[in-house]
Amino acid sequence: MTVTSEATTAWKGGLVDGSGEVTFVSSGLGTFDVNWKARSEGSTTVTTPEELIAAAHSSCFSMALSLALAENGTPPESIDTTASVTFKPGTGITGSHLNVNAVVPGLEPEDFERIAQGAKTGCPVSQALAGIEITLEATLA
């Protein structure tokens, strides 16, 4: 089965003085403001394309890691992943850093690192982001 997810953006104005709203169509979970100022300077009240990519990357990686750990015979009790996606005006998206902390009984740290690296490579969002540097910091809690 193939699943297609949709979001829409309604934008008004130019790049610098304009703004928009991103709506999650498939899930209906909400509408979020976007604008250039937040993207180029940061914001705690307006989202950015990079924040949306970070959400996709952290959730996809967590799923890939959960699968890989279960296939290893060491299913996780918990996985907490943060993705930090970097944007540089004039250059674009330059990288995504994954920071994962997991509780995995019976797994040695070096095995966790190896499995996490494999999940990073195998994660479909990582594959979609192949044009940027993706780094990983993996810790067993």
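Residues numbered from 1 in each chain as written. Predicted model: local features only at pLDDT ≥ 70, side-chain atom pairs only at ≥ 80, totals over all residues. Heavy atoms only, no water.

With the rule as written, the count across this model stands at two salt bridges. Put simply, Arg39 and Glu50 hold a salt bridge, and the shortest N to O gap is 2.6 Å. In this pair, Arg39 is assigned in helix 1 (residues 36-41) and Glu50 in helix 2 (residues 49-71), connecting sequence segments eleven residues apart. Classification of Glu50 by relative accessible area gives buried; the value is 5%. (Salt bridge = Lys/Arg side-chain N within 4 Å of Asp/Glu carboxyl O. Helix = DSSP H or I, 4+ residues; strand = E, 2+ residues; numbered from the N terminus. Buried < 20%, exposed > 50% of the residue type's maximum accessible area, 1.4 Å probe, protein only.)

Locating Val46 in the fold gives a position in the loop between helix 1 and helix 2. Look at Val46 and you get buried, because its relative accessible area is 15%. Residues within four places of Val46 in sequence aside, it is in contact with Asp33, Val34, Asn35 and Ala38. (Contact = heavy atoms within 4.5 Å.)

Okay, the nonpolar core next. Among the nonpolar cores identified, the biggest contains 24 residues, and Phe61, Leu65, Leu69, Val100 and Phe112 are the most heavily contacted of them. For this core, the secondary-structure elements that each account for two or more residues are helix 2, strand 4 (78-88), strand 5 (92-103), helix 3 (109-122) and strand 6 (133-140). Per element, the largest residue contribution to this core is six residues, and it comes from helix 2. Beyond its immediate chain neighbours, meaning those up to four positions away, Leu69 contacts Thr74, Pro75, Pro76, Ile79, Val104, Leu107, Phe112 and Ile115. (Core = buried A, V, L, I, M, F, W, Y, C linked by side-chain atoms within 4.5 Å.)

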